Amino acid sequence: MSGTSATTAPEAVPALHLGSGEPLLLLHGVLLSPHCWERTATLLAARCEVFAPALGGHWGGPEFPDGRYSAATLADRVEAQLDDLGWRTCHIAGNSLGGWVGFELARRGRARTLTAIAPAGGWKTPSVTQLRAAATIAPMIPLTEILRRLGRSPVDNRLLRWAMAHLLTKNTRAVSRADISAVILAALHCPALPALTAGTLRGPSLANMSDLTTPVRVILADSDRILPAAAHGRRFLRELPESADRIMLNRAGHVPMLEDPERMATLVAEHIYASRDHLRAV
């Protein structure tokens, strides 16, 4: 991982909002925050007005008083934010849980295009894949509680920084210290985690995607250690309409924006501007 020990620790942000042009919503995954999009958002802001909010129950985002966190309730909150911005529709790119929320927003007619990066929610209910997804996330609940009690020290722990980078990316050396510090801090401040884990076990997965009219680009990663593409990508590859783009990233992990923001910005922008060749009512 690049960076030095003198790097100032990141702070929570409710949202990144920068640039001008096509409206673009960026959605992060579970246990993460808008920080994971920062370098990619900066690149995209040259051509788009970028809004990357902290999801409810995540670092920088609002806590829901009733504690009911799911892809649907998180989408409710994001929809309200889009209304506040005056964005009836926008382009959406979402990673992991953010991809799932992106599909929910597309169902509601809010997406001009959708780029789903290693999206969650592609399991059948019930299924072994669903159980494995919950089993991957569940150990983080006691682990984050233990680390939270250690105060500032988790961010300064070199082994923990490497372990988190290894979990989320393929090329750990490409991840900056500031980015991985933000990942750790976000994981320690995620009250939504228990409810989202329980929802993975009990709640519904994504609705049938075969009738989606939104232009979709699904991007899977060949070195995804959280939602391995061989299992979790199968339904997206099979069920999305024939017109959907299907891309497999080589030598990339679950959160590829952390290790290759330039490539991710290019893939998102390509999908946005390719879609403008076709006239659609939005």
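Note that this is a predicted model, so its numbers are computed, not measured. (Residues numbered from 1 in each chain as written. Predicted model: local features only at pLDDT ≥ 70, side-chain atom pairs only at ≥ 80, totals over all residues. Heavy atoms only, no water.)

On average, residues of the protein score 93 in pLDDT, and 95% of them are at 70 or above. Counted against residues more than four places away or in other chains, residues 278-282, with its pLDDT under 50, gives six contacts. (pLDDT = per-residue confidence, 0-100. Contact = heavy atoms within 4.5 Å.)

Ranked by size, the top nonpolar core spans 89 residues in total, and within it Leu25, Leu26, Phe103 and Leu240 carry the most contacts. Looking at this core element by element, the count peaks at eight residues for helix 8 (residues 177-188). Among residues more than four places away in sequence, those in contact with leucine 240 are Phe103, Met209, Leu212, Val216, Val218, Arg235 and Arg246. (Core = buried A, V, L, I, M, F, W, Y, C linked by side-chain atoms within 4.5 Å. Buried < 20%, exposed > 50% of the residue type's maximum accessible area, 1.4 Å probe, protein only. Helix = DSSP H or I, 4+ residues; strand = E, 2+ residues; numbered from the N terminus.)

Looking now at the side chain of histidine 58. Here histidine 58 is to be found in the loop between strand 3 (48-53) and helix 2 (71-85). Here histidine 58 is in contact with His28, Gly29, Val30, Leu31, Leu32, Leu97, His189, Cys190, Ala192 and Leu196, once residues within four sequence places are set aside.

Attention now moves to the pattern of salt bridges. For the structure shown, the criterion picks out 16 salt bridges. For arginine 217, the salt bridge is made with glutamate 270, and the minimal N-O distance between the two is 3.1 Å. Remark: glutamate 270 occurs in helix 12 (residues 261-274) and arginine 217 occurs in strand 6 (residues 216-221); sequence separation between them is 53 residues. What makes arginine 217 buried here is its relative accessible area of 9%. Note on glutamate 270: relative accessible area 40%, which makes it partly exposed. (Salt bridge = Lys/Arg side-chain N within 4 Å of Asp/Glu carboxyl O.)

A few words on unusual backbone geometry. Across residues other than glycine, the phi torsion is negative in most instances, and most of the peptide bonds are trans. The amide bond that connects threonine 125 to the next residue, proline 126, takes the cis arrangement and shows omega of -5°. Note on placement: proline 126 falls in the loop between strand 5 (111-117) and helix 4 (128-137). We note that leucine 31 has phi near 70°; this positive angle belongs to a residue other than glycine. Relative to the helices and strands, leucine 31 is located in the loop between strand 2 (22-27) and helix 1 (38-44).

On to the pairing of strand 5, then. With six of seven residues buried, strand 5 is to be regarded as a mostly interior element. Both strand 4 (residues 90-95) and strand 5 contribute to a ladder of six bridges, which runs parallel. The residue bridging cysteine 90 from the neighbouring strand is alanine 111, located in strand 5. Regarding the hand of the β-α-β motif, the stretch spanning strand 4, helix 3 (residues 97-107) and strand 5 is right-handed. (Pairing = 2+ DSSP bridges. Right-handed = clockwise from strand over helix to strand, strands pointing away.)

Their axes nearest at 9 Å, the elements helix 2 and helix 3 cross at an angle of 70°. When the axis of helix 2 is compared with that of helix 3, the two are roughly perpendicular. Read as a crossing pair, helix 2 and helix 3 show a hand that is right-handed. Counting all contacts with helix 2, which are made through Ala71, Ala72, Leu74, Ala75, Val78 and Glu79, the residues of helix 3 involved are Leu97, Trp100, Val101, Glu104 and Leu105. Along the lines of polarity and charge, the residues of the contact of helix 2 with helix 3 split into nine nonpolar, no polar and two charged. (Axes fitted to C-alpha atoms, helices over the stretch in contact; angles between N-to-C directions. Parallel < 35°, antiparallel > 145°, perpendicular 65-115°, else oblique. Left-handed = near helix turned anticlockwise from the far one by under 90°. Nonpolar A, V, L, I, M, F, W, Y, C, P; charged D, E, K, R; others polar.)

With that out of the way, let us pick up the sheet that holds strand 1 (residues 15-18). A sheet is described by the order of its strands in space; here seven strands give the open sequence 1-3-2-4-5-6-7, paired in mixed fashion. Unpaired on one side and paired on the other, strand 1 and strand 7 (245-249) mark the two borders of the sheet. Each strand of the sheet is rotated relative to its neighbour by a mean of 15°, with strand direction disregarded. Of the strand pairs in this sheet, strand 5 and strand 6 are connected by four bridges, and their pairing is parallel. The partner of alanine 116 across the bridge, within strand 6, is valine 218.

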